[in-house]
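Each chain is listed here by its residues.
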Amino acid sequence: GNGPSGICLSYLLSGYTPYFKRHSLHPHPILQRKLEEAPEVSVLDQDLEYLSEGLEGRSHSPVALLFDTLQRPDTDFGGTAESVLTWWHEPDRAIPHLVLGRNAPGGAWHSIEGSMVTLSRGEWMGLPDLPFKEWLKQKRRGLKNNRATAEDIAQYYQHYVMKKGLQKNFRCGTVVTSVRKVSAESISNHTQKDLQEDSDSIWSSNEKSAEVFQVDGFFKTVEGDKEPFSIYAENVVLATGTYDNPTWLGVKGENLSYVHHQLSALEEAVKSNSVGIMTDPVLVVGAGLTAADAILFAHHCNIPVIHVFRRRVTDPGLIFNQLPKTMYPEYHKVHQMMKEQTAACAGPYERYISLPEHHVLSFGKDKKCIFQDKNGCQKAYKISMALVLTGSNPNLSFLPNDGIDLALDSDQPVNPKRNPIDVDPFTYECTQEKGLYALGPLAGDNFVRFVQGGALAVASSLLKKANQNPP
């Protein structure tokens, strides 16, 4: 995967090394004291468990909190204190690696509607040692309400790869079809393809490890052909995110042509004038931020909306109840609509009805949709199109058994929120499969600012392994 997790890891594996910046002051006194103990030792070579002990914040991962607070010391309190890290390029510490991705560097950010404003503040989308704000300034653009558009972010990630000289490690237009363990002896000499033509260090320690990973897949060529490849590696990092498979409700008629599972379908329908101010309402199912984006988009285009979701509007688990109003005024507006505009009582917002604690029973061929409330009462509405926006699941079909054996609950599919891959919190190595690592949403880290700590943990672990097997 070549999204933010993969890019950040490539940066750390390319010899870019973080040290505590002498004479800088971190607002967390205990962390400051620990950092002063060994300023000449890079953070990658220190004990991450010791450094991250006692840190608190908006992530469950100690290493995510550590790397975040080193880069943005008081950002949660609205502060703009500078990073306490200084970066040195030490090419002799680089570890040969390849980053495989379907699209351009930036991953799913290239699939999101370009004008969408992100949930996170702009500076939280930045990667190490190239502040997002500075890059936007060069583009002569300010941040709207401290937040950036998806197009800005996708461009920034591509720029980052070029600016840091990482592009030689990236192979875009690749699809991985299989990752599996094979015995090193079974690979005959002539198939030992190196990761990079100019270095053979990757094979130097192979005698020591009896098993390696075989990664199969294909390149999409400019002509549209598929060119197969096989790579052998001692370590593989899964950083494929969660954007691949939208969740289905599993109800009758969900496969009909007017039922969609991506927000882009609404944008296309507006462009082609198949929905508008005079058409039947658009149905939006779900109560997350993508559903909110659909409602805002429809509202902006004066398209009528019926909004169906299972939770109560006051449910603390609802994302809207966790967002500060001042920073997210438009999501706060959607939440207001959800509360004030139920079918039972008309509110001030035209062309919008909310049906809390309802679920879809079926979609009919005549575009009639049947809902049921918590008491079992049913309602039918005629709609023009349906958008089921209830989250997405990763696609791990390239792993044995779809990667289910790697999850915390190995009876259920991997899910970023409910059932992530089980990893060691300080190395991000899979507990069930040594040499395999998982990063980002697959390991339960769902925000760009927090995926970077996972990359730090993986890089630290791989450097320790490389030092045990010096070339």
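Going by an unreviewed UniProt entry, the protein carries the name Oxidative stress-induced growth inhibitor 1 and comes from Urocynchramus pylzowi. According to UniProt, the comment filed for the protein under the heading Sequence similarities (unreviewed entry) is "Belongs to the OKL38 family." One UniProt comment on the protein, placed under Cofactor (unreviewed entry), says "NADPH".

(A) Inspection of the overall build of the protein at higher detail. In terms of helices and strands, the protein carries 11 helices and 21 strands. The proportion of buried residues among the 471 residues of the protein is 51%. Entry remark: accessible area of the protein is about 22700 Å², with carbon and sulfur atoms responsible for 51%.

(B) Here's a closer look at the sheet that holds strand S7 (residues 174-183). Strand order in the open sheet formed by 3 strands is S7-S8-S9, with antiparallel pairing between adjacent strands. A strand with exactly one partner marks an edge of an open sheet, and here the two such strands are S7 and strand S9 (226-233). For this sheet, the mean angle separating the axes of adjacent strands, direction not counted, is 20 degrees. The pairing of S7 with strand S8 (residues 211-220) spans 9 bridges and is classified as antiparallel. In the sheet register, Lys-181 faces S8, and the bridge partner there is Phe-213.

(C) Quick look at the packing of aromatic side chains. Under the criterion given, the structure shown has 10 aromatic pairs. Ring geometry for Phe-219 and Phe-229: centres 4.9 Å apart, planes at 45 degrees, overall tilted. Separated by 10 residues along the polypeptide, Phe-219 in strand S8 and Phe-229 in strand S9 bring together distant segments of the chain. We classify Phe-219 as partly exposed; its relative accessible area is 25%. Across from the ring centre of Tyr-50, 4.8 Å away, lies the NZ or CZ of Lys-34, which sits over that ring.

(D) Geometry of the nonpolar core. In terms of nonpolar packing, the biggest core is built from 75 residues, with Leu-238 and Ile-421 touching the most fellow members. With 9 residues, the top contributor of residues to this core is helix H11 (residues 448-468). In contact with Leu-238, not counting residues within four places along its chain, are Phe-398, Leu-399, Leu-406, Ile-421, Leu-436, Tyr-437, Ala-438, Leu-439 and Leu-442. With 30 residues, the next largest nonpolar core counts Ala-291, Ala-292, Ile-303 and Met-385 among its residues.

(E) The packing of helix H1 (residues 4-13) against H11, seen in detail. The contact between H1 and H11 brings their axes to 8 Å, and the two run at 40 degrees. Between H1 and H11, the angle is such that the two are oblique. Crossing of H1 against H11: the hand is right-handed. Residues Pro-4, Ser-5, Cys-8, Leu-9, Leu-12 and Leu-13 of H1 form the contact with H11, whose participating residues are Val-448, Val-451, Gln-452, Ala-455, Leu-456, Val-458, Ala-459 and Leu-462. Looking at the contact of H1 with H11, its residues break down into 12 nonpolar, 2 polar and no charged.

(F) Quick look at the pairing of strand S13 (residues 282-285). Residue alternation in S13 divides its side chains into two sets, Val-282 and Val-284 and Leu-283 and Val-285, and both sets are buried. Both S13 and strand S14 (residues 305-308) contribute to a ladder of 4 bridges, which runs parallel. Bridged to Val-285 within S14 is Val-308. The handedness of the S13 to S14 crossover, carried by helix H9 (residues 289-300), is right-handed. Pairing analysis gives 4 bridges linking S13 to strand S19 (residues 385-388), with the strands arranged parallel. Residue pairing across strands places Val-282 opposite Met-385, the latter belonging to S19.

(G) Broad picture of unusual backbone geometry. A positive phi angle, near 60 degrees, is found at Asn-273, a position not held by glycine. Summarising the element assignment, Asn-273 is placed in the loop between helix H8 (264-271) and S13. For Asn-273, a relative accessible area of 67% translates into the label exposed. Phi angles above zero are rare outside glycine, and Asn-302 is one such case at about 60 degrees. Following the sequence through the fold, Asn-302 ends up in the loop between H9 and S14. When its relative accessible area of 35% is taken as the criterion, Asn-302 is described as partly exposed.

(H) Focus on a negative patch on the surface. Together, Asp-47, Glu-49, Glu-53 and Asp-424 give the surface a local cluster of negative charge. Among the structural elements, Asp-47 can be located in the loop between helix H2 (29-37) and helix H3 (48-52).

(I) View of the pattern of salt bridges. Taken as a whole and assessed by the stated rule, the structure comprises 12 salt bridges. For the salt bridge of Asp-129 with Lys-164, the shortest nitrogen-to-oxygen distance reads 3.4 Å. Of the two residues, Asp-129 sits in the loop between strand S4 (117-121) and helix H5 (132-138) while Lys-164 sits in the loop between helix H6 (150-163) and strand S6 (170-172), which places them 35 residues apart along the sequence. Classification of Asp-129 as partly exposed rests on a relative accessible area of 42%. Overall, Lys-164 belongs to the buried group, its relative accessible area being 11%. Between Asp-280 and Lys-382 there is a salt bridge, and its shortest N-O distance comes to 3.8 Å. Here Asp-280 is found in the loop between H8 and S13, whereas its partner Lys-382 is found in strand S18 (residues 378-382), with 102 residues between them in sequence. Linked through salt bridges whose partners overlap, the residues forming this network are Asp-45, Glu-90 and Arg-93.

Analysis parameters
- Residues numbered from 1 in each chain as written.
- Predicted model: local features only at pLDDT ≥ 70, side-chain atom pairs only at ≥ 80, totals over all residues.
- Heavy atoms only, no water.
- UniProt positions renumbered as here; feature names shortened; annotations may be inferred.
- Helix = DSSP H or I, 4+ residues; strand = E, 2+ residues; numbered from the N terminus.
- Buried < 20%, exposed > 50% of the residue type's maximum accessible area, 1.4 Å probe, protein only.
- Areas by Shrake-Rupley, 256 points an atom, 1.4 Å probe, with all protein chains shown as cover.
- Pairing = 2+ DSSP bridges.
- Axes fitted to C-alpha atoms, helices over the stretch in contact; angles between N-to-C directions.
- Phe/Tyr/Trp six-rings, centres within 6.5 Å; stacked < 30°, edge-to-face > 60°.
- Lys NZ or Arg CZ within 6 Å of the ring centre and 35° of its normal.
- Core = buried A, V, L, I, M, F, W, Y, C linked by side-chain atoms within 4.5 Å.
- Contact = heavy atoms within 4.5 Å.
- Parallel < 35°, antiparallel > 145°, perpendicular 65-115°, else oblique.
- Left-handed = near helix turned anticlockwise from the far one by under 90°.
- Nonpolar A, V, L, I, M, F, W, Y, C, P; charged D, E, K, R; others polar.
- Right-handed = clockwise from strand over helix to strand, strands pointing away.
- Patch = residues over 30% accessible without salt bridge, like charges linked within 9 Å, V, L, I, M, F, W, Y side chains within 5 Å.
- Salt bridge = Lys/Arg side-chain N within 4 Å of Asp/Glu carboxyl O.
- Lys, Arg positive; Asp, Glu negative; His and termini not counted.
- Charge placed at Lys NZ, Arg CZ, Asp CG, Glu CD.

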